[in-house]
Amino acid sequence: MGNPGDAALAELLVTREVERFLIREVGLLDDRRFEDWIALFAEDGTYWAPAKIDQDDPWEHVSLFFDDRELMTTRLARLRHPRVHAQIPPSRTSHAIGNVLVEPPDPEARSFAVSARFVMLDYRPGHGQRSFGGRYDYRLVRAGASFLIASKKATLLNCDAVHEAISIPF
């Protein structure tokens, strides 16, 4: 059996590696590098935003959205269109992510359940600023020296409220 300090250090390093990945992920959204953001998803990866706080699956209930890579690509390609009304002028966003928990924090694992809290500010000149916040739940899988997103669930605090068009991923 190894030194308990070695195991704690390995867990800390995996958690920091995951945190850096998540910070990079939301940074790509803030920089409007949507194609690079989609590339972080596994080929069969999904991005889901439930319409209810306690919604446990996207198949039996209406969701704010439930996208696979193909649908994400289509949705975000629309943001590049010069006449997309919901993004004239384009949004400027700022994401903050924290309270990251990695289960299991085992450095030998190939798959990780990760949760984090987020706040996203969305500003469009002439339209004002909106804020979104809630919890992300991820399933990350090892891919070389980094990760791919097998699934991402974004549960907004006010997911059951009426929203104006949400065209930028939160």
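Our structure's up above, just so we're on the same page.
Rules used in this analysis
Residues numbered from 1 in each chain as written. Predicted model: local features only at pLDDT ≥ 70, side-chain atom pairs only at ≥ 80, totals over all residues. Heavy atoms only, no water. Patch = residues over 30% accessible without salt bridge, like charges linked within 9 Å, V, L, I, M, F, W, Y side chains within 5 Å. Areas by Shrake-Rupley, 256 points an atom, 1.4 Å probe, with all protein chains shown as cover. Salt bridge = Lys/Arg side-chain N within 4 Å of Asp/Glu carboxyl O. Helix = DSSP H or I, 4+ residues; strand = E, 2+ residues; numbered from the N terminus. Core = buried A, V, L, I, M, F, W, Y, C linked by side-chain atoms within 4.5 Å. Buried < 20%, exposed > 50% of the residue type's maximum accessible area, 1.4 Å probe, protein only. Contact = heavy atoms within 4.5 Å. Polar contact = N/O pair within 3.5 Å; in protein donor to acceptor, adjacent residues only side chain to side chain. Pairing = 2+ DSSP bridges. Axes fitted to C-alpha atoms, helices over the stretch in contact; angles between N-to-C directions. Lys, Arg positive; Asp, Glu negative; His and termini not counted. Charge placed at Lys NZ, Arg CZ, Asp CG, Glu CD.

Asker: What am I meant to see in a nonpolar patch on the surface here?
Answerer: There is a patch of nonpolar side chains on the surface, built from Leu9, Leu12 and Leu13 and spanning about 310 Å² of accessible area. Relative to the elements of secondary structure, Leu13 occurs in helix 1 (residues 4-30).

Asker: Please explain the nonpolar core as it appears in this structure.
Answerer: The nonpolar side chains of a soluble globular protein tend to be buried, and buried together. Core analysis: the biggest nonpolar cluster contains 35 residues, and Val18, Leu22, Trp37, Val114 and Leu140 have the highest contact counts within it. Elements that contribute at least two residues to this core include exactly helix 1, helix 2 (34-38), strand 1 (41-50), helix 3 (69-80), strand 3 (92-103), strand 4 (111-124), strand 5 (128-143) and strand 6 (146-156). When neighbours within four sequence positions are excluded, Leu22 is seen to be in contact with Ile97, Val100, Val114, Ala116 and Tyr138.

Asker: Explanation requested: the environment of Ser111 in the structure shown.
Answerer: One can find Ser111 in strand 4. Counting along the chain gives 31 residues from Ser111 to Arg142, while the straight-line C-alpha distance between them is 6.3 Å. Every residue in contact with Ser111, bar those within four places of it in the chain, is listed here: Pro104, Arg139, Leu140 and Val141. Reaching out from Ser111, the side chain makes a polar contact with the side chain of Arg139 at a distance of 3.0 Å.

Asker: What is the right way to look at the sheet that holds strand 1 in this model?
Answerer: Note: strands within a sheet are paired through backbone hydrogen bonds, in either parallel or antiparallel orientation. Ordered by their spatial adjacency, 6 strands build an open sheet running 2-1-6-5-4-3, and the pairing between neighbours is mixed. Every other strand in the sheet has two partners, leaving strand 2 (63-68) and strand 3 as the edge strands with one partner each. Across the sheet, the axes of successive neighbouring strands diverge by a mean angle of 20°, strand direction being ignored. Each of strand 3, strand 4, strand 5 and strand 6 touches helix 1; the most contacted strand, strand 3, lies at about 160° to it. Relative to strand 2, helix 3 is tilted by about 110°, and along the sheet it contacts strand 1 and strand 2.

Asker: Mind showing me how you'd approach a negative patch on the surface here?
Answerer: Taken together, the side chains of Glu11, Glu103, Asp106 and Glu108 present a region of like negative charge at the surface. For Glu103, the position within the fold is in strand 3.

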